[in-house]
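# Architecture at a glance
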Amino acid sequence: MKILTVVGARPQFIKAAVVSRILRQSAEEVLVHTGQHYDYNMSDIFFEELNIPKPDYNLGISGGSHGSMTGKMLMAIEEVLLKETPDKLLVYGDTNSTLAAALAAVKLNIPVYHVEAGNRLGTLANPEEINRVCTDHVSSVLMACTESAMQFLAKENLADRACLVGDPMYDAFLYYGARITDKDRNALVSLDDKSVERPQKFYYLTCHRQENTDTDWKLEEILSAVNSLDYPTVYPVHPRNQKRAARICAEKNLTNVLLVKPVGYLTSISLVNDAEKIVTDSGGLQREAFFAGKQCVTVFDHVVWPETMVDNRNQLAKPNGNEIMRKLAMAQSIDHSYQPFGDGHAGEKICELLQK
Ligand code: UD1
Ligand code: UDP
């Protein structure tokens, strides 16, 4: 069995780390990196830390508009598929790399296996929603993380192709979370390359969504809100909005926000585990906060992971300082027996489906 896997962005490297480790015990895997994320700390660091095999191909395609990036990837992936003639294509999540690979494969009659299928916001105004809806509809096997995703797939008449496998991000959290060292905990670097000491107590912020970072005012509201908290906020900034974040913090004198370069996965999980609370717009971070039993406020208009939205554990907020602060202050109760993201063995289930 020959499986061709396409990845391109940070969260996909983490999921591929979980699955590749198991898949390669019984199948041949060809790994294609589209190049969508390319900085050392957005790409290589994940391959090194998580022992992901070196990609067989790096297509070097990044940046530009959504259409041009997706189109270039589609053309380049088609060439690789024609050369490698895999039995199946494996893709993760909802990035432009996911959609490009799915379209290239289905047009060559190669079955598409989609991990993290079925999540829905209910609006095509979000670029990731377009990617996940289109990918799901051209896939042969839809591997869902949660019951709610299974229900969305059923509503779109896709139930006969859908399978509940659990969330490989939960597998990763358990597996790599047990391997964090002090070196990982103390790996913060400022935007101008100086080592940054991690505060004893801190909040953890990530914010990179196009919706929150493509204009000043939303990011300004979010940064001003966390700046007023009782402990500093550690904010590893995605390259897309580093300049904007640095300028806003300087102009508004937001000295309680520690802007640092993006960190590796082990450092990120250590920040999740040790933070007081979490503010994010990341799909991955809001689940990790849930896995770690940390209170989270998600600055976004739509629920992406409904299972996390219980007992105030994860609450949506508009990019509005008062709302963010009010929701962070709300009491939270945690039922540790509630685990809707599987049993930590999603990777095995994905590989079993691929082998069938
Ligand atoms: C993409 C995904 C998003 C995911 C995120 C993970 C899509 C539509 N979106 O968004 O779902 O949450 O990845 O982090 O695919 N850049 C760099 N260096 C890098 C990577 C990006 O400088 O290593 C800059 C480039 O200028 C690029 C911009 O960041 O134009 C945005 O990157 P892009 O890959 O288009 O989207 P993300 O915001 O990363
Ligand atoms: N993450 C990381 N370094 C960072 C910020 C995030 O390793 O500087 C991890 C985070 O712990 C989570 C994943 O990246 O596992 C989430 O990726 P991202 O927020 O980029 O994408 P999303 O999940 O929103 O698609």
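The notes below deal with the structure included here. For clarity, every value in this text was computed on a predicted model and none was experimentally measured.

What follows is about the packing of aromatic side chains. Within the structure shown, the criterion is met by 11 aromatic pairs. When the ring of Tyr 175 is compared with that of Tyr 176, the centres are 4.9 Å apart and the planes differ by 85°; the resulting orientation is edge-to-face. Given a relative accessible area of 5%, Tyr 176 falls into the buried group. Just above the ring of Phe 290 sits the side chain of Arg 313; from NZ or CZ to the centre is 3.8 Å.

With their axes 8 Å apart at the nearest point, helix H3 (residues 66-84) and helix H4 (residues 96-107) run at an angle of 45° to one another. As the angle between them shows, H3 and H4 are arranged oblique. In this structure, H3 meets H4 at a crossing whose hand is right-handed. On the side of H3, the interface is formed by His 66, Met 69, Thr 70, Met 73, Leu 74, Ile 77, Glu 78 and Leu 81, while H4 contributes Asn 96, Ser 97, Leu 99, Ala 100, Ala 101, Leu 103, Ala 104 and Ala 105.

Okay, the site of ligand 2 next. Every one of the 19 residues lining ligand 2 counts as a neighbour, but Arg 209, Val 263, Ser 268, Ser 282 and Glu 288 are closest to it. Here an oxygen atom of ligand 2 and a side-chain polar atom of Ser 282 are 2.7 Å apart. A distance of 2.8 Å separates an oxygen atom of ligand 2 from a polar atom in the backbone of Gly 284. In isolation ligand 2 exposes 530 Å². Once the protein is present, 94% of that is buried. Of all the elements in the fold, those that place two or more residues in the shell around ligand 2 are helix H1 (10-23), helix H12 (265-274) and helix H13 (283-291).

Each value, and the rule that gives it
Residues numbered from 1 in each chain as written. Chains lettered and ligands numbered in written order. Predicted model: local features only at pLDDT ≥ 70, side-chain atom pairs only at ≥ 80, totals over all residues. Heavy atoms only, no water. Phe/Tyr/Trp six-rings, centres within 6.5 Å; stacked < 30°, edge-to-face > 60°. Buried < 20%, exposed > 50% of the residue type's maximum accessible area, 1.4 Å probe, protein only. Lys NZ or Arg CZ within 6 Å of the ring centre and 35° of its normal. Axes fitted to C-alpha atoms, helices over the stretch in contact; angles between N-to-C directions. Helix = DSSP H or I, 4+ residues; strand = E, 2+ residues; numbered from the N terminus. Parallel < 35°, antiparallel > 145°, perpendicular 65-115°, else oblique. Left-handed = near helix turned anticlockwise from the far one by under 90°. Contact = heavy atoms within 4.5 Å. Near = heavy atom within 4 Å. Polar contact = N/O pair within 3.5 Å; in protein donor to acceptor, adjacent residues only side chain to side chain. Areas by Shrake-Rupley, 256 points an atom, 1.4 Å probe, with all protein chains shown as cover.

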